[in-house]
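Observations on chain architecture
The chain contents come next:
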Amino acid sequence: MANALANRLVRPAFIIFATLVAVAAMLVATAQPASAHTRAEAVTNGCGSGYAIASDGVRNVNSSSGAKWGEVILAYNASNGRNCVVTNKTSGSPYHGTPTRIAAVLVVQGDTTYHRADDSASHWESISAYAADACVQYWGYIYSPSGSSAFGGRQSWGNCG
């Protein structure tokens, strides 16, 4: 009688345990690592569809010691005349996946400076603006949790068009 009662209690517990193990295994198998963000994914996620990386459109974002913390990317959408800048913490960055401040800056010649920052971005920040017949400058900043920063971009006019 005691064995029958024990079997009735153990069997449902085993089924629940086996189900939880199977669900956990599926979650681990389908999870994407933080390092999976490519340049193209950063542009698509930051800018939207239809953007292509511009010529001379990728610059490193380096700390004052020269360590690479990420990239700043200039992309262009020919169908709507918009430029987009994405500051991206690359997979080799010491802060990739860590929520810190990131800023993206786009300057449109004859227009204005467009700036967007996020104080707790884990991967990237972006800004876009119409610039079909103008030259642009672009740059980005990545900050550490303690507030030190890395900078990169192009401060001369280019990608005129």
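Remember, it's a predicted structure, so these values are computed and weren't measured experimentally. As a convention, each chain's residues are numbered from 1 in the sequence order in which they are written. Where local features are concerned, this predicted model is filtered to residues with pLDDT of at least 70; where side-chain atom pairs are given and counted, the filter is 80 or more; whole-chain, interface and lining totals use all residues. Only heavy atoms go into the side-chain values, all of them from the structure, while hydrogens and water stay out.

Topic: the packing of aromatic side chains
The criterion, for reference: Between the rings of Phe, Tyr and Trp (Trp by its six-membered ring), a pair exists once the centres lie within 6.5 Å; its type follows the angle of the planes, with under 30 degrees stacked, over 60 edge-to-face, and the other angles tilted. A run of DSSP states H or I qualifies as a helix once it reaches four residues; a run of E qualifies as a strand once it reaches two. Both are numbered from the N-terminal end. Type-normalised accessible area, obtained with a 1.4 Å probe on protein chains alone, sets the label of each residue: buried when under 20%, exposed when over 50%, and partly exposed for intermediate values.
Scanning all chains against the criterion turns up 3 aromatic pairs. Note on Trp 69 and Tyr 95: the rings are 4.9 Å apart at their centroids and 80° apart in plane angle, and the pair reads as edge-to-face. Placement of the pair is Trp 69 in strand E2 (residues 68-77) and Tyr 95 in the loop between strand E3 (82-88) and strand E4 (100-108), with a sequence separation of 26 residues. Here Trp 69 and Tyr 95 have matching classes, each one buried. Consider the rings of Tyr 141 and Tyr 143, whose centres lie 6.3 Å apart with planes at 25°: the pair is stacked.

Section: unusual backbone geometry
Backbone phi values are negative for most residues with the exception of glycine, while trans is the configuration of most peptide bonds. Despite not being glycine, Asp 56 has its phi angle at roughly 55°, a positive value. If you trace the backbone, Asp 56 turns up in strand E1 (residues 52-63). A relative accessible area of 42% places Asp 56 in the partly exposed class. Even without being a glycine, Asn 159 presents a positive backbone phi close to 50°. Counting through the fold element by element, Asn 159 comes out in the segment after strand E8 (149-158).

Some words on the side chain of Thr 87
Selection rule: Here a polar contact is recorded for every N or O atom pair within 3.5 Å, except that within protein the pair must consist of a potential hydrogen donor and a potential acceptor, and residues adjacent in sequence are included only if both atoms are side-chain atoms.
Relative to the helices and strands, Thr 87 is located in strand E3. There is a polar contact of 2.8 Å between the side chain of Thr 87 and the backbone oxygen of Ala 103.

Examining the sheet that holds E2
The criterion, for reference: Strand pairing requires that DSSP identify at least two bridges connecting the strands. The convention used is that axes are lines fitted to C-alpha atoms, helices contributing only their stretch in contact, and that angles between N-to-C directions extend from 0 to 180 degrees. Two residues qualify as a contact provided that any one of their heavy atoms is within 4.5 Å of a heavy atom in the partner residue.
Here 8 strands make up an open sheet; going across it, the order is E5-E4-E7-E8-E1-E2-E3-E6 and the pairing antiparallel. In the strand order of this sheet, the two ends are held by strand E5 (113-121) and strand E6 (124-130), each with one partner. Ignoring strand direction, the axes of neighbouring strands in this sheet form an average angle of 15°. Pairing of E2 with E3, which is carried by 7 bridges, proceeds in the antiparallel orientation. Looking across to E3, one finds that Glu 71 is bridged to Asn 88. Across the sheet, helix H2 (residues 39-47) is in contact with E1, E2, E3 and E6; its angle to E3 comes to roughly 120°.

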